[in-house]
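# Fold and contact review
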Amino acid sequence: MRAHNFFAGPAVLPVPVIEATKDAVIDFANTGVSIMEISHRSKEFDKVFKEAQNDALEIMGLDPKDYYVLFLGGGASLQFAMIPMNFQHTKSEYIVTGEWAGKAYKEAKKMGNAISIASSEDKNFAYLPKDFKVSQDADYFHYTTNNTIYGTEWKSIPDAGNTPLVCDMSSDFLSREMDYSKFSLIYAGAQKNIGPAGVVMIVVKKSWVDEKAKTDIPTMMKYKTHVDKESLFNTPPCLPVFAVGQTMKWIKNEGGLAAIQKRNEHKAGLIYGMFDTYNDFFKGSVIVPEDRSLMNITFNLPTAELEDKFIAEAKKLNMLGLKGHRSVGGIRASTYNACPVESCEALAKFMEEFYKNNK
Ligand SMILES: *Cc1c(COP(=O)(O)O)cnc(C)c1O
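The numbers attached to residues start from 1 for each chain and follow its sequence in the written order. Only residues with pLDDT of at least 70 are given local features in this predicted model, and only at 80 or more are side-chain atom pairs given and counted; all residues enter the totals for whole chains, interfaces and linings. Think of the side-chain values as coming from all heavy atoms in the structure, minus any hydrogens and water.

Around the ligand, 13 residues are found, and the nearest of them are Ser77, Thr148, Asp168, Gln191 and Lys192. We define a polar contact as two N or O atoms separated by no more than 3.5 Å, with the added condition that, inside protein, one atom must be a possible hydrogen donor and the other a possible acceptor, whereas residues neighbouring each other in sequence contribute only through side-chain atom pairs. Between Ala76 and the ligand, the recorded distance is 3.0 Å, taken from a backbone N or O atom to an oxygen atom. When the free accessible area of the ligand is taken as 390 Å², the share hidden by the protein chains comes to 88%. Under a 2 Å grid-point criterion requiring more than half of the atoms, the pocket assigned to the ligand is the largest pocket. Whether a residue is near a molecule or strand is decided by its heavy atoms; if any one of them lies within 4 Å of it, the residue is near. Methods summary: accessible areas were calculated by the Shrake-Rupley approach with a probe of 1.4 Å, and residue burial reflects only the protein chains presented. Throughout, the protein atoms alone are placed on a 1 Å grid, and a set of points is a cavity if a 1.4 Å probe fits but cannot get out or a pocket if it is open with protein on both sides within 12 Å along at least five of seven lines; lining residues have an atom within 4 Å of a point. A pocket or cavity is taken to hold a molecule when more than half of that molecule's atoms are within 2 Å of the pocket's grid points.

All right, on to the pairing of strand S9 (residues 185-189) then. Among the 5 residues of S9, 5 are classified as buried, and the element is accordingly described as predominantly covered. The side-chain alternation of S9 yields two buried faces, one formed by Leu185, Tyr187 and Gly189 and the other by Ile186 and Ala188. Looking at chain direction, strand S8 (residues 165-168) and S9 are connected through 3 bridges and run parallel. Within S9, the residue paired with Val166 across the bridge is Leu185. One ladder, built from 5 bridges, connects S9 with strand S10 (residues 200-205); its direction is antiparallel. By the bridge assignment, Gly189 is partnered in S10 with Val200. Partly exposed describes any residue whose relative accessible area lies between the buried limit of under 20% and the exposed limit of over 50%, with all areas from a 1.4 Å probe on protein chains only and scaled to the type maximum. Segments assigned H or I by DSSP are reported as helices when at least four residues long, segments assigned E as strands when at least two residues long, and all are numbered from the N terminus. Note on pairing: two strands pair once DSSP finds at least 2 bridges between them.

On to the sheet that holds strand S12 (residues 296-300). Reading across from one edge, S11-S12-S14 is the order of the 3 strands in this open sheet, with antiparallel pairing throughout. Each edge of the sheet is formed by a strand with only one pairing partner; in this case those strands are strand S11 (283-284) and strand S14 (331-334). Sheet topology note: the S12/S14 ladder contains 4 bridges and is antiparallel. The partner of Thr298 across the bridge, within S14, is Arg332.

So, about the layout of surface pockets. Grid points are joined across faces, edges and corners, and a volume is the space filled by probe spheres set on the points. Counted as a void, the largest pocket has a volume near 390 Å³. Along the walls of the largest pocket sit 24 residues, with Ala8, Gly9, Trp100, Thr148 and Lys192 positioned nearest its centre. Those elements that provide at least two residues to the lining of the largest pocket are helix H3 (75-87) and helix H5 (190-193). Here the lining of the largest pocket gets 4 residues from one element, more than from any other, and that element is H3. Each residue belonging to the lining of the largest pocket can be placed in one class, and the counts come to 7 nonpolar, 12 polar and 5 charged. As annotated, the domain borders come from an automatic or database domain assignment. Counting only domains with at least three residues in the lining of the largest pocket, you end up with domain 1 (15-254) and domain 2 (256-358). When residues are grouped by polarity, Ala, Val, Leu, Ile, Met, Phe, Trp, Tyr, Cys and Pro land in nonpolar, Asp, Glu, Lys and Arg in charged, and all others, Gly among them, in polar.

Put into structure tokens, the structure is as follows:
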């Protein structure tokens, strides 16, 4: 039996994705070898790779003529450095809304003139700053759509004017409809919402790379290398890419981002509803409801002892991964795309019972 999986990452995946990956580990596309044993230049693997890229762009409503999808190693964390290495010429601008956003900014500072134009650190990242202006002479503007640790999520795209928009979407990538054409570069570590650990997906405007990316940097760190070689300059993480490709097919089968978003809103609503009903007991850590994440729901109980008890009792009911990030404590329920409605219903029901027994 599958557990109710609320881990923040690596995290829950759709069952059909796990089953297709299991089959490919045994015998990939009737080749008689495993997906782990076949050349990344074979026609069978090439088909998987190209379909994953094309399906991703189709889901986002982007034209393959204008965008490129890269599958690289190094996780989202390597992108923190690669982005300024390639695109920071005179200055870049960042918003610091959490741990990951802060790490991205720190890497950019190491490489030159990166400026933080807004931060929510004054209130321990419990809100999203709305009052800022992006310079029109910056090389790019970087933000993080969803703050995995603090449970805030941008509901609309910040206005960057004509400054190229760069975004870390690791923890809410493909969770909702959005005008993806506004971005010059999107990156997401797969292990939160689209696949297993080991690959980061990058969607980048070809014209931005051609016109603006630096070329006098190490080969592997250069976007141009990967774009020119169609993301096969070196051996890609074949197995994770296979699983990501299966997730793209799953999203399409589920009805695309409109259907996925609707379900995510319903799921998160079940849990936030408990905050609103029992607000003297479940204390949401995000200050304004409009900033609440649909992916990572963070809250506290009246005491740390009650939080430990909550997590232990939930575990007995097969609900895993509810402990908040080690840097903030409390409780965090991650309700990514593949987290079933039934898991959120089970958690909401448990919250209500726990309240009645412990209030
Ligand atoms: C988890 C996470 C990261 C780090 O991803 P890695 O792939 O482990 O480097 C970066 N940004 C966000 C928003 C995350 O949630």
